[in-house]
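So the chains spell out like this:
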Amino acid sequence: MPVERAREAAETRELHDVLSSPGYLRLLLLSALVGIPISLAAFGFLAAEHAAQNGLWEHLPHELGYADPPWWWPLPLLTLAGSIVAAVSSYLPGKGGHLPVEGLGGRPTAPSALPGVLLAALASLPLGAVLGPESPLMALGSGLALVAVRSARRAAAPRLVAVLAAVGSTAAIATVFGNPLVAAVLVIEAAGMGGPRLFALILPCLLASGVGGVVFTGFGSWSGLSIGSLSLSTLPPSRSLRVGDVLWGVPLAAAIACGVVLAMTFARRVADRAAGRAAWWSVGGGIGVGVLIAAYALCTDRSPAEAALSGQSTLAVLAADPNAWPVSALALLLVFKGAAWSLSMATLRGGPVFPVLLLGGAAGVLCASLPGLATLSGLAVGLAAAGSATLRLPVSATVLAAMLLGKDAAAELPLLIIASVVAFVVGELLRGRWMRRPAEPAEPAEPPATGSAEPGAPARE
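Since the model is a prediction, treat every value here as computed from it, not as a measurement.

Our next topic: the overall build of the protein chain. Regarding its fold elements, the protein chain presents 17 helices and zero strands. Across the 461 residues that make up the protein chain, the buried fraction comes to 48%. In the structure as shown, the protein chain presents an accessible area of about 21800 Å², 67% of it carried by carbon and sulfur atoms.

This is the structure in structure tokens:
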């Protein structure tokens, strides 16, 4: 007991010394100051990307006399996107940023690489690449944050570079996921400072909390007893979980994880093959994505915009009225948009998260016809499982899915947690089998950056 108290006292003194040191206080002030211009720059990037997307996929077709973009609309746009990305990767510093299949954040972006990153993203995203804006935003934030530090200082203080890059990335994606809490949790978890041991601790605790939530919810509903748990009475759960939701949710989460890892494995292999001729593959990848999106439109007689782009607006439409989607359209959306997402990750520029949320949600809604699985529960499982398998950050994926569900998240939270853990474990086991690479020579240890080689990858020890 005295030893534990002495250790606690030493840790308290250490934390006090850090928080009261002038250097740390200056770092906090600098973080607040750089967050303002970075947030404004991120807002401008998103506004420009959104305006270009609306102009190309809504206003221009209307001006040409089409109610919706015709089936062939993606072909010229994606060919142009691939051509611009090819030129950027060949002639500008930074090669337009890292490939989406490499993860969410990557290493801190050098300020000199920012023009190429922004140009490649603004060519890919509005023109129809099946990617989201999160990775370019994180690159923008880290690059602008490093502008505040002289190059000589960056070379002499690598840990300061890592911290400022993380601060800039967090500021840039503060609201792109719908809530600043998601951005903070995501960047903190992605740092992976605890390595595999941290994930080994997080997963049992996260799973136990989800199972406990299911037991408490189910037993409380059956017995009618109250335990006085912390809650806000003005936000009551919209419904109680049922046994079928959990029984179907576990295999559904595992199946979604299998699909995500399969798509990312294909993207990784395409990226490896394209390493020597990236420019040609960017053009070919753009054409291939355009063909897949056009094929969806031809097969379903629906707008190609549903299979193109980040899927943010399509996810909102799907969640608002899932019953308006025929089963065949959802199945074909999974096939064609999933393939286009995989190819986009290997050849174009953007983020991997937004499209996979739509794919996971579509899979959950598609399976909601199973006996005992509610539509809302299927959607919840799809969002959490797809996010966890892609981000490789189970806590962040759970928080993100909960924020997306809004007022309905309270009742679904135990299921969200279980689906996130199941998808993470299944995804990591499959990656160990499908994505093995030859052993690489050991490198000197480096401070954590804004993200790992893949989102949430446990740090090497």
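Ranked by size, the top nonpolar core spans 106 residues in total, and within it Leu137, Ile173, Phe177, Ile293 and Trp341 carry the most contacts. In terms of residue count, helix α10 (residues 243-274) provides more of this core than any other element does, 13 residues in total. Setting aside residues up to four positions removed in sequence, Trp341 forms contacts with Val130, Val260, Ala263, Met264, Pro352, Pro355, Val356, Leu359 and Thr390.

The next thing to look at is the packing of aromatic side chains. Under the definition given, this model contains two aromatic pairs. Where Tyr66 meets Trp72, the ring centres are 6.2 Å apart and the plane angle is 80°; that geometry is what we call edge-to-face. Taking relative accessible area as the criterion, Tyr66 reaches 33% and is therefore assigned partly exposed. For Trp72, a relative accessible area of 31% corresponds to the partly exposed category. Three or more aromatic residues joined by ring pairs make a cluster, and in this case those are Tyr66, Trp72 and Trp73.

Our next topic: the confidence of the model for the protein chain. Here the protein chain shows a mean pLDDT of 80. Residues at 70 or above account for 77%. Low pLDDT, under 50, characterises residues 225-238; the stretch is placed with six contacts to residues that sit more than four places away or in other chains. Confidence drops under pLDDT 50 across residues 438-461; counting only partners more than four residues distant or on other chains, this segment forms 58 contacts.

Cut-off values and rules
- Residues numbered from 1 in each chain as written.
- Predicted model: local features only at pLDDT ≥ 70, side-chain atom pairs only at ≥ 80, totals over all residues.
- Heavy atoms only, no water.
- Helix = DSSP H or I, 4+ residues; strand = E, 2+ residues; numbered from the N terminus.
- Buried < 20%, exposed > 50% of the residue type's maximum accessible area, 1.4 Å probe, protein only.
- Areas by Shrake-Rupley, 256 points an atom, 1.4 Å probe, with all protein chains shown as cover.
- Core = buried A, V, L, I, M, F, W, Y, C linked by side-chain atoms within 4.5 Å.
- Contact = heavy atoms within 4.5 Å.
- Phe/Tyr/Trp six-rings, centres within 6.5 Å; stacked < 30°, edge-to-face > 60°.
- pLDDT = per-residue confidence, 0-100.

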